[in-house]
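Coordinates in review
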Amino acid sequence: MNAPIEVTGVDFATVFVDDYPAAVEFYGNVLGLEHSADYGKIPGGEFETGNLTLQVVDAASVGQEFKPNGHPIALHVADVEAARAGLEAAGVEFAADTLDSGVCHMAFFRDPAGNALLLHHRYAPRD
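The structure displayed is predicted, hence computed values, not measured ones.

1. Some thoughts on the sheet that holds strand β7 (residues 104-110)
- Pairing is mixed in the open sheet, where 4 strands are placed in the order β5-β8-β7-β6. A single partner strand is all that each edge strand has here, and the edge strands are β5 (73-76) and β6 (99-100).
- With 2 bridges connecting them, β6 and β7 associate as antiparallel partners. Counterpart to Asp100 in the pairing with β7 is His105.

2. Quick notes on the sheet that holds strand β1 (residues 12-17)
- Spatially, the 4 strands line up as an open sheet ordered β1-β4-β3-β2, and their pairing is mixed. Two strands close off the open sheet at either side, each with one partner strand: β1 and β2 (34-38). Neighbour-to-neighbour, the strand axes of the sheet open up by a mean angle of 25°, direction not taken into account.
- Bridge count between β1 and strand β4 (residues 53-58): 6 bridges; the pairing is parallel. Bridge assignment links Thr14 to a residue of β4, and that residue is Gln55.

3. Digging into the packing of aromatic side chains
- Within the structure shown, the criterion is met by 4 aromatic pairs.
- The interplanar angle of 55° and the centroid separation of 6.5 Å between the aromatic rings of Phe26 and Phe109 together place this pair among those described as tilted. Placement of the pair is Phe26 in helix α1 (residues 20-30) and Phe109 in strand β7, with a sequence separation of 83 residues.
- Seen from their ring centres, Tyr27 and Phe47 are 5.9 Å apart, and the 40° between their planes marks the pair as tilted.

4. A look at the environment of Ala23
- You can see Ala23 is positioned in helix α1.
- By relative accessible area, Ala23 is classed as buried at 3%.
- A sequence separation of 104 residues divides Ala23 from Asp127, and the C-alpha atoms of the two residues are 37 Å apart.
- Every residue in contact with Ala23, bar those within four places of it in the chain, is listed here: Val17, Gly28 and Val56.

Basis of the calculations
Residues numbered from 1 in each chain as written. Predicted model: local features only at pLDDT ≥ 70, side-chain atom pairs only at ≥ 80, totals over all residues. Heavy atoms only, no water. Pairing = 2+ DSSP bridges. Helix = DSSP H or I, 4+ residues; strand = E, 2+ residues; numbered from the N terminus. Axes fitted to C-alpha atoms, helices over the stretch in contact; angles between N-to-C directions. Phe/Tyr/Trp six-rings, centres within 6.5 Å; stacked < 30°, edge-to-face > 60°. Buried < 20%, exposed > 50% of the residue type's maximum accessible area, 1.4 Å probe, protein only. Contact = heavy atoms within 4.5 Å.

What follows is the structure in structure tokens.
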């Protein structure tokens, strides 16, 4: 079966928030992501992760009801424990101890709006 289109990547993922200035502080300063665009006309902008742009937008500004996303975006880091320690020092609270799945380490936390995020590092090769 042939697909009707050819998807070659994912350009961005939208993260709805209810306080854009708090999101800018968190994604830009706490997480250290490059704030590559600020929309100006609406409270929203873009943050670069290296391979995916996070489009962070105040939900109400685009006619959406704000509800935190419970499905985490996995942020790749070289060392989960070191990254976690840095975020904890900045006041970020984690949901539980770092999880070792047998192939990767994961540490779950939330942004100021309650959106689920996690630090991730795969240490085992893919089969």
